[in-house]
Amino acid sequence: MGKPELSQNLPPVTPRLGASFTLHGAGVSGGIAIGYAHLISSARLEVAHYEVAVGDGEAEIDRLDAAIEQVRGELIGLHAAVPQDAPAEMAAFLDLHLMILNDSTLSVVPRELIRNRRWNAEWALVHQMEMLVQRFDEIENTYLRERKGDVQQVVERVLKAMLGSAHTPAPPAHEENIIVVAHDFSPADMILFKQHQFAGFVTDLGGVTSHTAIVARSLNLPAIVGLHHARQMIRESELLIADGTIGVLIVNPDRQVLAEYQLRQSQFELERQKLKRLRTTPAATLEGVPVELQANIELPSDVEQALDAGAMGVGLFRTEFLFLNRDDLPGEDEQFEAYRQVVQAMNGMPVTIRTLDLGADKAITGAQLVGPNPALGLRAIRFCLAEPQIFLTQLRAILRASRYGNVRLLVPMVAHAHEIDQVLHYVALAQDMLAHTGVPFDSSVPVGGMIEIPAAALALNAFVKKLDFLSIGTNDLIQYTLAIDRTDDAVAHLYDPLHPAVLYLIAHTIRSAVKAGIQVAVCGEMAGEVQLTRLLLGMGLRQFSMHPAQLLAIKQQVLRSSIPQVEVLAQRILRSEDSERTRQLLDKLNDS
Ligand code: PEP
Ligand code: MG
């Protein structure tokens, strides 16, 4: 994406009415974005913000009331249609939504906002929803806290009902000059932004390895998370500078600061352009040791970016993103088409398709996936083994795509050897099903496991015997080793890829895989961090998979590295027990 140019049609850059101030968060995606703030709730709930004409307030309130009434009718109708033998939760779920809809907290304040501030109905409703959601976030009781999702779903229904009667739901013009400001985004929200061309994203909440941040990174746009009160402090259309590398957001910069950042922005862009020269250069160290650099993708359309960056394969296809933002599940044929598209586009290069990693922060619409502790709950392979029909459908779709190229099957979050046995059983079952119906597939698709739970890394012998390859998911490995929720910015400062326990587990996994003669990759965010490339090379890693935007920078680092040299310092870092010393050694490792 090119450098955003401030449009002539947007508010003048200076003088600004608001005072200039700076906010600090965590940069999740490099580069500098300069643009005007656009405040939104979530991609799904993005609504127009405008003032209704004087005297139109009551009509606007009628519009809100009519939508609430329509949704009430819909919910009552759905309730009446619940079959006798349906699970009790179904009726209870509709009762709860009716209760939320009937509660005056959802309608009284929006009416006041329309009447007193002349906000349009959608704006007023979403504003009140955000207030409620924030209050839910503060509740200690997990069950009640999670009911905020129900409030959002009810509001979504009312917004849909209002869709037909909106006045001017115009999307912001000049998206490339817009920096989106939100309290929080789910990964499902974030993936919708792939269809847009905003200059950058900033959010109040979120950790640097949350899936929301990962998708932001894959958009190749500057993004900052964990800014705390940005959504409250920034006003619509204020001029912003977001430095995604260091996590700094400048609101209403003066002329001098703006000029300085415009210069830095063009320098950054120049560096990025220069890297493109390396696209076809084979990735190898100074002494010629080949290193495989592959891409992580979320959607089939990401393949283009992967190929543009010169990726030698897809090291991680996060297939669960095909399941988000929809009310139904993608069937076997639809999945097959998506996988085939990627496999064919990669033209014989390996495509590592990860089976569904649903759960935790990625839930399918309406699914009751969220347990009391989602990251430790029915997530990834645990969910698939509990839902064999969904799993088998996906396995058949993947196997069908396998005959079009070089497919590898990757299983997330394995912790027990018996989980692998069950996976292999289902793979054999899916193969039998296809064979019986005469559908062709590659019968030798390798099956690998993600090492992202410390137990798996520590009990690796049992795994290497059963699996064809390993891929280390450092995002979850760090989350589970250090007991920090990767989506929670309150503990984001404890995220530390250089923690001795984390480094030990990674080094041990690489060593064990090499000894067992099976391939091992890192596909977590560590693989895309230039500061860590030499350390990983020194630990023996020869396969990296990352979001395509980072690939050429990592290649440049590989080309400048010498294995014997990095091995020595990597071993010293592995022996270090002192974090300050570790940092010094890492600087030394990267120095030259
Ligand atoms: C990881 O955990 O490091 C990983 C690559 O998987 P995800 O980020 O999708 O959980
Ligand atoms: Mg993971």
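Residues numbered from 1 in each chain as written. Chains lettered and ligands numbered in written order. Predicted model: local features only at pLDDT ≥ 70, side-chain atom pairs only at ≥ 80, totals over all residues. Heavy atoms only, no water.

Asker: Tell me about the side chain of histidine 183, and name the residues and values.
Answerer: When you line up the elements, histidine 183 lands in the loop between strand 4 (178–182) and helix 7 (187–192). A polar contact is formed between the side chain of histidine 183 and the side chain of aspartate 204, at a distance of 2.8 Å. If we skip the residues at most four places from it in the chain, histidine 183 touches Ile40, Gln134, Asp137, Thr203, Asp204, Leu205 and Arg231. (Helix = DSSP H or I, 4+ residues; strand = E, 2+ residues; numbered from the N terminus. Polar contact = N/O pair within 3.5 Å; in protein donor to acceptor, adjacent residues only side chain to side chain. Contact = heavy atoms within 4.5 Å.)

Asker: So what's going on with the pairing of strand 13 (residues 447–451)? Which residues, and what values?
Answerer: For strand 13, the tally of buried residues reaches five of five residues, placing the bulk of the element in the interior. Both faces of strand 13 are covered, namely the face carrying Val447, Gly449 and Ile451 and the face carrying Gly448 and Met450. Relative to strand 13, strand 12 (residues 406–411) runs parallel, the two being bridged by three bridges. Looking at the pairing, leucine 409 lines up with valine 447 of strand 13. (Buried < 20%, exposed > 50% of the residue type's maximum accessible area, 1.4 Å probe, protein only. Pairing = 2+ DSSP bridges.)

Asker: Provide a residue-level description of the coordination of the magnesium ion (ligand 2), including the pertinent values.
Answerer: Around a metal, the ideal angle is 109.5 degrees if four donors adopt a tetrahedral arrangement and 90 or 180 degrees if six donors adopt an octahedral arrangement. Coordination of the magnesium ion (ligand 2) by the protein comes from Glu452 (OE) and Asp476 (OD), over a distance range of 2.0 to 2.1 Å. Pair noted here: glutamate 452 is in the loop between strand 13 and helix 16 (454–458) and aspartate 476 is in helix 18 (residues 474–482), with a separation of 24 residues, a long-range link. On the basis of relative accessible area, glutamate 452 is assigned to the buried category, the value being 1%. Of the residues examined, aspartate 476 reaches a relative accessible area of 2% and is grouped as buried. (Donors = N, O, S within 2.8 Å, 3.2 Å for Na, K, Ca; no water.)

Asker: Any details on the state of the cysteines? Residues and values, ideally.
Answerer: If you walk through the whole model with that rule in mind, you get zero disulfides. There is no disulfide at cysteine 384, and the cysteine sulfur nearest it, in cysteine 523, is 16 Å away. On the accessibility criterion, cysteine 384 (0% relative accessible area) is buried. Cysteine 523 sits in the buried class, given a relative accessible area of 1%. (Disulfide = S-S within 2.5 Å.)

Asker: I'd like a rundown of the site of ligand 1, residues and numbers included.
Answerer: In the vicinity of ligand 1 lie 16 residues, with His211, Arg318, Gly473, Asn475 and Arg486 positioned nearest. Between ligand 1 and aspartate 476, the relevant distance is 2.9 Å, taken from an oxygen atom to a side-chain nitrogen or oxygen of the residue. One of the side-chain nitrogen or oxygen atoms of arginine 486 is found 2.8 Å away from an oxygen atom of ligand 1. Protein coverage of the free-state accessible area of ligand 1, which is 290 Å², stands at 100%. When contributions to the shell around ligand 1 are tallied by element, the ones reaching two or more residues are helix 8 (211–218), strand 10 (314–318) and helix 18. The dominant element in the shell around ligand 1, judged by the number of residues it contributes, is helix 18, at three residues. When its residues are assigned to classes, the shell around ligand 1 shows four nonpolar, five polar and seven charged. (Near = heavy atom within 4 Å. Areas by Shrake-Rupley, 256 points an atom, 1.4 Å probe, with all protein chains shown as cover. Nonpolar A, V, L, I, M, F, W, Y, C, P; charged D, E, K, R; others polar.)

Asker: Residue-level account of the pattern of salt bridges, with values.
Answerer: Summed over all chains, the structure comprises 26 salt bridges. Put simply, glutamate 332 and arginine 400 hold a salt bridge, and the shortest N to O gap is 2.7 Å. Taken as a pair, glutamate 332 in helix 12 (residues 332–345) and arginine 400 in helix 14 (residues 388–402) lie far apart in primary sequence, 68 residues in all. Residue class for glutamate 332 comes out buried when judged on its relative accessible area of 18%. Between arginine 379 and aspartate 476 there is a salt bridge, with the nearest N and O atoms lying 2.8 Å from each other. Residue arginine 379 is located in the loop between strand 11 (350–354) and helix 13 (381–386), and its partner aspartate 476 is located in helix 18; the two are separated by 97 residues in the primary sequence. Aspartate 476 shares its class with arginine 379; the two are buried. Taken together, the salt bridges that share partners define one network made up of Glu320, Arg354, Asp357, Arg379, Asp476 and Arg486. (Salt bridge = Lys/Arg side-chain N within 4 Å of Asp/Glu carboxyl O.)

Asker: Summarise the packing of helix 1 (residues 57–80) against helix 6 (residues 148–163); cite the residues concerned and give the values.
Answerer: At a minimum axis distance of 8 Å, the contact between helix 1 and helix 6 shows a crossing angle of 120°. In the packing of helix 1 onto helix 6, the handedness of the crossing is right-handed. Here helix 1 contributes Arg63, Leu64, Ala67, Ile68, Gln70, Val71, Glu74, Leu75 and Leu78 to the contact with helix 6, which in turn contributes Arg157, Val158, Ala161 and Met162. Classifying every residue of the contact of helix 1 with helix 6 gives nine nonpolar, one polar and three charged. (Axes fitted to C-alpha atoms, helices over the stretch in contact; angles between N-to-C directions. Left-handed = near helix turned anticlockwise from the far one by under 90°.)

Asker: Give me the lowdown on the environment of glycine 244, citing residues and values where you can.
Answerer: Assignment of secondary structure puts glycine 244 in the loop between strand 7 (239–243) and strand 8 (248–251). A relative accessible area of 2% means that glycine 244 is categorised as buried. A sequence separation of 254 residues divides glycine 244 from leucine 498, and the C-alpha atoms of the two residues are 22 Å apart. With sequence-adjacent residues up to four places away left out, glycine 244 is seen in contact with Gly27, Val28, Ser29, Gly30, Gly31, Pro222, Ala223 and Ile224.

Asker: Give me the pairing of strand 16 (residues 543–546): which residues, what numbers.
Answerer: Here strand 16 shows no split at all, with Gln543 and Ser545 on one side and Phe544 and Met546 on the other all buried. Inspection of the sheet shows strand 9 (residues 292–297) paired to strand 16 by four bridges, in the parallel sense. Across the sheet, glutamine 294 pairs through a bridge with serine 545, a residue of strand 16.

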